[in-house]
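Understanding the architecture of this molecule
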Amino acid sequence: MRNGMITKFRTKALVASLSAIAIGAGVFTAPAKAADPVTITIWTFGDVIQRNLVAEYKALHPEVTLQIKKSDLDPLDGTNMVTACTSKTGPDIVATEVSYSGYWRSYPKCFTDLRTMKTTGEPTAGIPAGQTANDIAKNYLPWRWQQGVAFDGSVIGIPTDVGGLEVAYRTDLFKKAGLPTDRAAVAKLWPNWDAFIATGQKYDAKLSAADKKAGVGFIDNAGTIYAAIMNQGTAKYYANDGSENGKLIYATNPQVKLAWNTTIKATNAGIGTRIGQYTSDWNIGMNKGTFATILAPAWMMDYIKAQAPDTAGKWDIAAMPGGGGNQGGTQLGIPSYAQNKQAAYDFLTWYLAPAQELKVFKSYGLFPAASVLYNDPALVNFTDPFFNNAPVGKIYAAGVQTLKPIFEGKLERAIDTAIGAGLGRVAAKKQTADKSWAQVLSDLNKVVNN
Amino acid sequence: MMSQIAERERKKALSPWKSKSTNSSSSKAKKAVQFPGVKSLNGKWGYLYVAPFVAMFAIFGLAPVVYSVYISFFHWDPLGTSTFTGFRNFNNLLHDSDLWLALRNTFSIWALSTFPQMFMAIGLANVLRNTRLRGKSFFRTILLVPNITSVIAITIVFSQLFGRDFGIINDILGWAGFGHHIDFIEGVIPSHIQIATMITWRWIGYNTLIFLASMLAIPNELFESSSVDGATKWQQFRYVTLPQLKNTITFVLIVGTIGGLQVFAEPQQLAADGGSSKQFLTLTLFLYNQAFVNNKYGYAAAIGIFITFIVLIISAVNFVITRKISNDGTR
């Protein structure tokens, strides 16, 4: 380590003195091979930056050091970037979860417009020189790409993955309840959400009294239906009126009311277990078969594998009621005060190139946002033994392509939180649906006007 | 008899120090302290000595406070344009039912965590004081382990213990004949109990050590003479130990109150929004969510100022109580 540093320092000094001579002599051209060492700092969370790919890039570019700082406490990711932008500092690359894209699209000044950057070129990875964000946009799912575009059209983030959302279900439990187990037949059970709820009731009717007492149900948490339906629409809480922030329509948008009412219906039908996702009860329930279905984004597959390894082969994936779905996803951007923009852009374009996104999908299950892969046999024919050899690539690709772009605004997360709490109150039988909705509106009124 | 002699000896030993300190402080009142050899700079050295602290405090303590007061009068956007709104934030805040809810939750969690904890800590300290106890140092050391454990880790473990469907506490309640499962998240008091338990577990060892230290400072002669008078263990505890702990109890209460007003990580980890009906939204979590979820920095600053006023009121109450207790003590 120590020796390596000294050697590196010496090489650098040598190159520096050589180039000084070159300038003095005016004949010598600096050697192109010995690139200066550069450190790219990355702020990220979870497993957005994959270790094996980092090692791969290190082999391609020994002069590049990637310094990765992970923070997993949810809002911190956004807070750090606000601080960085106000104080005109920041990392070279920042990972932003899509729930923040509604916020950041109002502040393009905090990010480098990636349309102005040009790749140096990576012949071994098939990346030509001189490519701007405009040139690579065609590789990605259009609505997903839009989530990284600011109100003024500048590109502030390039998608790493798209959440996708399909139904993960337990074939063994379906069989026990007398339901079909084949994924095509299962998808036919629920062409729409009402049919999904009816299927859930059918499942619950077959449960033994002991199971019912133990809190067994059809879906892990009926509240998750809300977000699924919201993403199937064309607008959420904002309408694009051409302004910087958009216009708030949460109180009038019929999609909100539809998603709310359907979720309440599912809750009242008792098809959910009321276990919160990512709680210990959820992890245990996954193993015990407390619920037979989960609305699962692609990235959740890895979570299920890790938490319930003994259920391998018992799961399968079927299409969502009412078409496709999405939940989550991340994009990488370069803050405007980054120190090594060129090196960062070169890494970013390599890391998010379709070939690399495919590797991440195969090893970790993050579903590629690079839509050029959706017809690639490597993705289409990819099956997962844990999920009963379901062609997960094909299923998720079909789902995410049915979605439309949705305009997102600054208060997206606050509104989601307030409505989620409202659904929680109904599920916990603390309030009636009408009262709870009234409180959601008064809570949101405070969020917007206070 | 023995004890009286010892007491006299102690007073004698203390007296020179006492008289010296009164002398120097009275001379300081009249005239600056003389430093031999640096006469010309007399009086100015003091400022130099406190300068590092004052500088640090000004940068990291005072400046943010002043800045918070400033931004509380704005609709503040750190990245965009901010508009001056006068007292609007404060007016909205006092009409915000969430504020009073957060105040209620904060005090409920504070009461549930402070008082049971204090009784247990005094009890534990009394056990550890026992001179015949084996492995005393070991027990005294492990008491501090919860205190250096990460709050996040504590929350993860406790939320598993308190799980509604598969939590061990509900299992035990079930065996004890308690029919239905308690929801330690959705219920108001159950969720407060869960959070208070985490706080108690984390701080009980620390407080035990403080009580232990002050118990060990109680002159042994008091116990000796009381046992000569025929006092039982319980009577010794009740009439010797407890009265001597008065000041320590006040100290622990004050520290506990300060900590109680800052409860944040535990509820935040249970549910970031403080629960579906905000049943465990605390004051600091309310502030944090307004600033970093709703992007209302000015409003959050106003909440901060409100919390400051609450602290001032509590400090005043504490001050009065402390003075009353210490007066009682000298009587």
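Numbering of residues starts from 1 in every chain and runs along the sequence as written. Lettering for chains starts from A, numbering for ligands starts from 1, and both go in the order in which the items are written. Reporting of local features is limited, given that this is a predicted model, to residues whose pLDDT is at least 70; pairs of side-chain atoms are given and counted only at 80 or more, and all residues count toward the totals for whole chains, interfaces and linings. The side-chain figures draw on all heavy atoms in the structure; neither hydrogens nor water molecules are used.

1. Details of the overall build of chain A
Runs of H or I in DSSP of at least four residues are treated as helices and runs of E of at least two as strands, each being numbered from the N terminus. Of regular secondary structure, chain A possesses 20 helices and eleven strands. A radius of gyration in this sense is built from C-alpha atoms; the matching globule rule multiplies 2.2 Å by the number of residues raised to 0.38. Here chain A has a C-alpha radius of gyration of 25 Å; the compact-globule value for 450 residues is 22 Å, and the two agree. In terms of overall dimensions, chain A has a C-alpha envelope of 90 × 50 × 40 Å along the principal axes. Contact definition: two residues touch when any of their heavy atoms are within 4.5 Å. Taking as baseline every contact in chain A between residues at least 6 positions apart, the subset at least 24 positions apart corresponds to 73%. Here, Shrake-Rupley sampling with a 1.4 Å probe gives the accessible areas, and only protein chains in the shown set may cover a residue. Element-wise, carbon and sulfur atoms account for 57% of the exposed surface of chain A, whose accessible area totals about 19,100 Å². If the 45 positive side-chain charges of chain A are averaged to one point and the 36 negative ones to another, these points end up 3 Å apart. Charge assignment in this entry is limited to Lys and Arg as positive and Asp and Glu as negative, and neither His nor the chain termini are counted. The atom standing in for a charge is NZ when the residue is Lys, CZ when it is Arg, CG when it is Asp and CD when it is Glu.

2. Points about the interface of chain B and chain A
Opposite the 33 residues of chain B that make contact, chain A presents 37 residues. Note on terms: buried area is the combined drop in 1.4 Å-probe accessible area of two parts once they are placed together, counting the loss on both. For the pair chain B and chain A, the summed buried area comes to about 2,800 Å², and 50% of that belongs to carbon and sulfur atoms. Salt bridges are counted wherever a side-chain nitrogen of Lys or Arg sits within 4 Å of a carboxyl oxygen of Asp or Glu. The interface formed by chain B and chain A holds six salt bridges in total. Across the pair Asp98(B) and Lys446(A) runs a salt bridge whose closest N-O atoms are separated by 3.3 Å. Any pair of N or O atoms that falls within 3.5 Å is considered a polar contact. Within protein, one atom must be able to donate a hydrogen and the other to accept it, and sequence-neighbouring residues count only if both atoms are side-chain atoms. Scanning the region where chain B abuts chain A turns up 21 residue pairs in polar contact (both at pLDDT 80 or more). Mapped onto the side of chain B that touches chain A, the elements with two or more residues apiece are α3 (88-94), α4 (97-129), α6 (151-161), α12 (265-270), α13 (283-292) and α14 (297-330) of chain B. Each residue is assigned to one of three groups, with Ala, Val, Leu, Ile, Met, Phe, Trp, Tyr, Cys and Pro labelled nonpolar, Asp, Glu, Lys and Arg labelled charged, and all others, Gly among them, labelled polar. In the side of chain B that touches chain A, the residues fall into eight nonpolar, 14 polar and eleven charged.

3. Focus on the sheet that holds strand β10 (residues 315-318) of chain A
Residues and elements named next belong to chain A. The four strands lie next to each other as β6-β9-β5-β10, forming an open sheet whose pairing is mixed. Since the sheet does not close on itself, it has two edges, and those belong to β6 (217-219) and β10, each with one partner. Adjacent strand axes in the sheet meet at a mean angle of 25° when their direction is disregarded. Strands are labelled as partners when DSSP assigns at least two bridges between them. Sheet topology places strand β5 (residues 166-170) next to β10; four bridges connect them, and they run antiparallel. Throughout, an axis means a line fitted to C-alpha atoms (over the contacting stretch in the case of helices), and angles, computed between N-to-C directions, take values from 0 to 180 degrees.

4. Here we look at the pattern of salt bridges
Taken as a whole and judged by the stated rule, the model has 17 salt bridges over all chains. A salt bridge links Lys430(A) to Glu186(B), with the shortest nitrogen-to-oxygen separation between them at 2.8 Å. With Lys430(A) in the loop between α19 (412-427) and α20 (433-449) and Glu186(B) in the loop between α7 (168-175) and α8 (188-216), this pair bridges two chains.

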